[in-house]
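What the coordinates show
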Amino acid sequence: MFAVIKTGGKQYKVQTGDLLRLEKLAAHAGDKVQFNEIMLLGGDKTVVGTPLVSGAAVQADVVDQIKGVKTIKFVKRRRKHGSQRTRGHRQHLTLVRITDILDSGAEKSGVKSAVGARSGAADMEQAPAQSKPKVKIASDDKQVKKKTDTKSASKAKNDVQPKAASKKIKDDLKQLSGVGPALEKKLNGAGVTSFSQIAAWTAKDVAAIDDSLSLKGKVDKEGWVKQAKKLSK
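Model, not experiment: these values are computed from the prediction.

Points about the pairing of strand E9 (residues 83-89)
The pairing of strand E8 (residues 71-77) with E9 spans seven bridges and is classified as antiparallel. The residue of E9 that forms the bridge with Arg77 is Ser83. Following E8, the chain reverses through five residues before pairing antiparallel with E9; Gly82 in that reversal takes a positive phi of roughly 65 degrees.

A short note on the environment of Ala60
The residue Ala60 is located in strand E7 (residues 57-67) in this model. Judged by relative accessible area, Ala60 falls into the buried class, the value being 0%. Note: C-alpha distance between Ala60 and Leu95 (35 residues apart in sequence) is 9.9 Å. Ignoring sequence-local partners within four residues, the contact set of Ala60 consists of Asp31, Lys32, Val33, Phe35, Val96, Arg97, Ile98 and Thr99.

Some remarks on helix H7 (residues 224-232)
An α-helical turn contains 3.6 residues, so a residue and the one three or four places further along point in the same direction. All buried positions along H7 are accounted for by Trp224, Val225 and Ala228. One side of H7 carries all its buried residues, which in axial view fall inside an arc of 95 degrees. Those residues of H7 that are exposed and angled more than 90 degrees off the buried face are Lys226 and Lys230. Each element contacted by the buried residues of H7 is listed here: helix H3 (181-189), helix H4 (195-199), helix H5 (203-213) and helix H6 (218-222).

Let's talk about the environment of Gly8
Position of Gly8 among the secondary structure elements: in the loop between strand E1 (2-7) and strand E2 (10-15). Considering only alpha carbons, one finds Gly8 and Leu22, 14 residues apart in sequence, at a separation of 7.2 Å.

Rules behind the numbers
Residue positions are given per chain, counted from 1 along the sequence in the order it is written. Only residues with pLDDT of at least 70 get local features here, since the model is predicted, and only at 80 or more are side-chain atom pairs given and counted; chain-wide, interface and lining totals rely on the full set of residues. In computing side-chain properties, one takes all heavy atoms of the structure into account and sets aside hydrogens as well as water. DSSP bridges decide pairing: two strands pair if at least two such bridges lie between them. The way it works is that DSSP assigns letters per residue, a run of H or I at least four long becomes a helix, a run of E at least two long becomes a strand, and they are numbered from the N terminus. Between buried and exposed lies partly exposed: a residue is buried under 20% and exposed over 50% of the maximum accessible area for its type, with that area taken using a 1.4 Å probe on protein chains only. When checking whether two residues touch, look at their non-hydrogen atoms; a contact exists if any pair is within 4.5 Å. The arc in question is traced by the directions running from the helix axis to the C-beta atoms.

What follows is the structure, given as structure tokens:
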């Protein structure tokens, strides 16, 4: 008596005592599995399934978990890139020995179904891929970054503005040596509009305005603070 079974997307013709290499099953050596997808039963009377033979099954013992013959994959791109790559692969297989062919009463045998064993093997292989790290939402990151940038810009502007910036008096800052229309516009943009502000600058204020406007030490070189004190009078 023989049977045609379906497992792992393939069909096998089996008889009692046959040794088969099948797609990996989630079972250990010594376990007993049962194949319920029987396409055909042969012998004294042939029974063809529609598509399966009702109540029929094939039982087998798991001999070992093995690997197939190594297959080599060689890829070569010869025009634009000129690269080549070699990869090897060994398929995971399960070695089983057919012990019995049942033409009826498969549901009463109490043996673990090979379909469940196959799905268990697939879950075991896919488990690492399912534990994906938590992904941050890009829109939330942009909003947080925008708020942080706004706070830092406001703080920098407050640090750059001198202490005596409360008076909104606009003087002709071009009277200071080394100050032209372009530099005067920069100073006004930073909140510096009068000689009294410059006259009240401390060393910290000078360093802040020099760093923010990239003056390269011009405040001290040209003596703006002394000039501003005279001009403010």
